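Summary of structural features
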Amino acid sequence: MIKNDFVVRFAGEGGQGLLTVVTALSQAASQVGYNVQTFATFPSQITGGPTWFQLRISTSDILSAGDDLDALVAFNEEAYREHRGEVGGSGVVVYNTEAFDLESDGKSFGMPFGELAKATGNNRAANFVVMGALAHLVGMPLSMLEEFNRVKYTRGRASDEQIVSSNNHALALGRDEAIKSGFSLGELARPTRPEGEQILVNGNEALSLGALAAGLEVFVGYPISPASSILVWMEKNLVGPGRFVYQGTSEIESINAVLGAGYAGKKAMTATAGPGFSLMSEGIGLAWMAEIPLVVTDVQRGGPSTGLPTKTEQSDLLTVLNPSHGDISIPVIAPGTVEECFYAAVMAFNWAERYQGPVVLLSEHALSERQKNIPKPDLSSLRIENRIVYAGVNGYRRYEASELSPMPIPGAPGGYVANGSEHDGIGDTTHLPARHVQMTERRFGKLKLLEDGSYEEENAQAPVTIMPWGGSKGPAREAYEQLAGSGMNVGWAYTMYLNPLPPALLETLRQKELVLVPELNYLGQLSSVLRAQGVRAQSITQYTGLPFRVRDLVGRIRERVNATQREGVTA
Amino acid sequence: MNRRNPEYDFKWCPGCGDFGVRRALEQATEKYLIETEMPVEANVVVAGIGCSGNMVHLLEGPQPYGFHGVHGRTLPVAMGIKMSRPDLNVVIAAGDGDFLGIGFEHVGPQAARNLNVTAVVMDNGVYGLTKGQSSPTTDLGVITSSTPYGKAEVAINPLSIYLTMGVSYLASAMSTKIKDMTSLILNAMMHPGFSVVHVQSPCTEFNDTYELLKGNRKKGIEPVAWSVPDGHDPEDIEAAFRIATSDGIPMGLLYKDASRPTFDRQIAGLTEKAGAKSAAELMESYAI
Ligand SMILES: Cc1ncc(C[n+]2csc(CCOP(=O)(O)OP(=O)(O)O)c2C)c(N)n1
Ligand SMILES: [Mg+2]
């Protein structure tokens, strides 16, 4: 049987090298031309604790992590018990006999991971043992993995040859064990290399690359899961003259430092998650009020307060739209895929510079850790926008106009006071009613400049449309394709530009009988935002800390659509 | 604003110490511009929230750039500006509540980094703008609107705290002694590193300490303020500590260490070998 798709989960405890295996296997598979996508979930302790990683390898573009496992690699008994229920009908469990033993259950086979590695003379080759076994299960020629091994470990060191040969030996030992077991999952179709150059990145890396491509020069952030990897990436890479990167002492320091940088003419960003975002709210209000361009990345995790630091959720939308006290409406761009993380970052800077104010780049845990091959962005074709800078003489009234006006940069003529209190044309504090009216309208009026967001729309004449946001895009898309494929008259809409929504999209959404919004929160946050804008929207919610399963979505959407057809909508 | 602005409706009360601080800051800036041949627009005043922070709107003469943000965050904003543009002269104007109350957490880190900015702190021992509540420098037992039965905390000693945290230039000044204050602020601007000029700037409305600071011979009141002795070596940190922890309030230059690298220099040195990386180069490192 030829398979186009292979889903494997590695489950065990933190510190057992699970990440190494999944990284190696995804690198190997992507290198020979497969599409790959990983899913990770961590315990919040540093070492130990139940951990699992999932990898999907496919001959076509991947939308979700995959509902059913073809293979489960269990590093300990707890992992076996916890995850075996998700192994599909014809799936196989590979387990480590050094950790536990099983009566035959008809779909498992064991091998001693460490002992086999030891036999190669390289104790660290256990991941290659596992890869060898998995390769056999899906009929992948070992030569593909050997090639990956050769490329990866040819590093110009004396030990290279020894490591490569022991790893190859480990591959063969793992394969032999799988042969002995008699199990097979069929044969994974040969890869058709995706067109054009590809890169293998996770969401936070794609986002960071996008920020740099957009011209980021200043980054200040405070460590917090799942945004820390952006800070670490920046600390390493955003160095050199004209740039500044630093770990702040808090999110309050971070946002205010980034405010200073934006005011001083730099493209500046900070990145955080829910708890840090809450601390930044006063500063974001200041950026809106004083009209200072900057980007705040919020990589969402679960729950209010400290919540679920290492799980995924889409529950910060209402907060990022209105983070601060007072009349305010913050532009929000929420990427839905690893590739979109790159382009969303570029656009976030374009928007911030264009309307001279704060923009929130709203990512989420599931995207931040997800490794995926994506087409390499073509830097030369990116449209990068820079702010309109005041180039006149002193005596300028920076805030006088009732719409956007050129921004003076310290060091050059045009001195004014960037003021978080309500102000007049030169930035002096004032309480005059006419000024508050003018400035409020000026600030909201600038949002009109941001109505160029792109969107997807399919089967637009259907009365019911599925419109996910953020990381729920992938599973929702897979569900949509299944439902539409089975003859259901259902539409598709999607945009990463959540505020302001693209006006043309909003117009068509208002014509719908029902817009169904799959989203990972309890309140139904995007649907409430849509309802406030005159759309008959309802949410399909989930708040487990995990992404949607395609199967669940298919069932729940079908239920809602059928109910709508029976009863009609009275929204 | 450099002339009367009818839209701006804030005023310092008659006799407010901040008038004197303004005069000194204007004169120090003027001298700084002459000495460094910088244009006025290369100066940025980052203001706190309070009566004192209104300094940024009340400066007369050629206008620097200003940033009037939220309460307590002058130092982080100043870091963002200075580290983006080390060529700018960044001066903070803040009150005791702003700098040492809500914003206190930012003093230590900037001292450790030796951020090259100057902070002029106007200490009136009270929250002026919010009408007379107690501040970190209000004395134990003092009755204010928020301590109707007397303040339950001792007053902090700002000078010894600055020294402990590693501020690399520390001066103490009196709002009525404009000439002394001018030269202390000017030298603070010239100092390579984090400089603080802590000014006693009385509030006539809620905490009038003029008499206490200057004394009144007729009434037999000894002045609380005294001058740092002529022979004091400002590079001697132990002597500076002795002065800071003596009774009363010393006036003058307490401490100065010009040998420490500034924050921007430190980073430039550490990252020199790493070299600047472009988006294109970084992208390449992820190629499949
Ligand atoms: C976050 C926040 N909390 C409280 C206030 C109210 N507030 C404005 S000024 C001020 C105190 C100012 O005291 P100080 O810094 O000593 O300045 P002064 O008016 O005495 O010069 C307070 C509490 C505020 N603006 N923002
Ligand atoms: Mg005060």
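A quick note: this is a predicted structure, and the numbers were derived from the prediction, not measured.

**Observations regarding the sheet that holds strand S10 (residues 218-221) of chain A**
Residues and elements named next belong to chain A. The sheet built from 7 strands is open, its strands ordered S11-S10-S12-S13-S15-S14-S21 with mixed pairing. Unpaired on one side and paired on the other, strand S11 (244-247) and strand S21 (497-499) mark the two borders of the sheet. Where strand S14 (residues 332-333) meets strand S15 (residues 358-364), 2 bridges bridge the pair, whose relative direction is parallel. Residue pairing for S15: Ile 333 is matched across the bridge by Leu 361. Packing against the sheet, helix H10 (residues 274-290) makes contact with strand S12 (268-272), strand S13 (294-300) and S15, and its axis sits at approximately 160° to S13.

**Some points on a nonpolar patch on the surface**
Together, A:Leu318, A:Tyr522, A:Leu523 and A:Tyr543 make up an exposed nonpolar region whose accessible area comes to about 480 Å². Structurally, A:Leu318 can be placed in helix H11 (residues 317-321).

**Considering the coordination of the magnesium ion (ligand 2)**
Residue and element names in this part refer to chain B. Only Asp 96 (OD), Asn 124 (OD1) and Val 126 (O) from the protein reach the magnesium ion (ligand 2) as donors, at distances of 2.0 to 2.2 Å. Counting residues between consecutive donors of the magnesium ion (ligand 2) along the chain gives the motif D-x27-N-x1-V. Take Asn 124 and Val 126: they sit in the same class, and that class is buried.

**Focus: a positive patch on the surface**
Residue and element names in this part refer to chain A. On the surface, Arg 124, Lys 152, Arg 155 and Arg 157 cluster together to form a positively charged patch. With respect to the helices, strands and loops of the structure, Arg 155 is situated in the loop between helix H5 (142-153) and helix H6 (160-181). The class for Arg 155 is partly exposed, based on a relative accessible area of 39%.

**Some details on the pattern of salt bridges**
Residue and element names in this part refer to chain A. This model, assessed by the stated rule, comprises 38 salt bridges over all chains. Of the charged contacts in the structure, one is a salt bridge between Lys 473 and Glu 340, with a shortest N-O distance of 2.6 Å. Taken together, the residues Lys 473 in helix H15 (residues 473-485) and Glu 340 in helix H12 (residues 338-355) connect sequence positions 133 residues apart. By the burial criterion, Lys 473 is buried, and Glu 340 matches it. One salt bridge connects Arg 387 with Glu 353, and the closest N-O pair in it is separated by 2.8 Å. Taken together, the positions of Arg 387 in the loop between strand S16 (371-375) and strand S17 (417-419) and Glu 353 in helix H12 put the pair 34 residues apart, joining distant regions of the chain. A single network of salt bridges, built from pairs that share partners, joins Arg 9, Glu 86, Arg 549 and Asp 552.

**Looking at the nonpolar core**
Of all hydrophobic cores here, the largest spans 196 residues; its most connected members are A:Phe219, A:Met234, A:Met269, A:Leu317, A:Leu530, B:Phe99 and B:Tyr162. If you tally residues by element for this core, the top one is H12(A), at 12 residues. Once residues lying within four places of it in the same chain are set aside, the contact partners of A:Leu317 are A:Gln300, A:Val332, A:Leu362, A:Trp469, A:Leu498, A:Gln525, A:Leu526 and A:Val529. Counting 53 residues, the second-largest nonpolar core is a separate cluster that includes A:Leu18, A:Ala117, A:Leu173 and A:Leu200.

About the criteria used
- Note that residues are indexed from 1 along each chain, following the sequence as it is written.
- Each chain takes a letter, starting from A, and each ligand takes a number, starting from 1, following the order in which they are written.
- Reporting of local features is limited, given that this is a predicted model, to residues whose pLDDT is at least 70; pairs of side-chain atoms are given and counted only at 80 or more, and all residues count toward the totals for whole chains, interfaces and linings.
- Just so you know, side-chain values use all the structure's heavy atoms and leave hydrogens and water out.
- Think of it this way: DSSP has to see at least two bridges between two strands before they count as a pair.
- Strands are runs of DSSP state E lasting at least two residues, helices are runs of H or I lasting at least four, and both sets are numbered from the N terminus onward.
- Whether two residues are in contact is decided by their heavy atoms, any of which lying within 4.5 Å being enough.
- Axis lines are fitted through C-alpha atoms, for helices just across the contact stretch, and the angle between N-to-C directions can take any value from 0 to 180 degrees.
- A patch consists of residues whose relative accessible area exceeds 30% and which take part in no salt bridge; residues with like charges are grouped when within 9 Å of each other, and nonpolar side chains (Val, Leu, Ile, Met, Phe, Trp, Tyr) when within 5 Å.
- Values of accessible area rely on a 1.4 Å probe in the Shrake-Rupley scheme; residue burial ignores everything except the protein chains shown.
- What makes a salt bridge here is a side-chain nitrogen of Lys or Arg within 4 Å of a carboxyl oxygen of Asp or Glu, nothing more.
- Coordination partners: N, O, S within 2.8 Å of the metal, 3.2 Å for Na, K and Ca; water not considered, so apparent gaps in a site are possible.
- Exposed residues in this analysis have more than 50% of their type's maximum accessible area, buried residues have under 20%, and partly exposed residues fall in between, with area computed by a 1.4 Å probe over protein chains only.
- The sign given to each residue is positive for Lys and Arg and negative for Asp and Glu; His and the chain ends receive no count.
- By convention, the point assigned to a charge is CZ for Arg, NZ for Lys, CD for Glu and CG for Asp.
- Side-chain atoms within 4.5 Å are what join buried Ala, Val, Leu, Ile, Met, Phe, Trp, Tyr and Cys residues into a set we call a nonpolar core.

On their own, these measurements won't tell you what the molecule is for.
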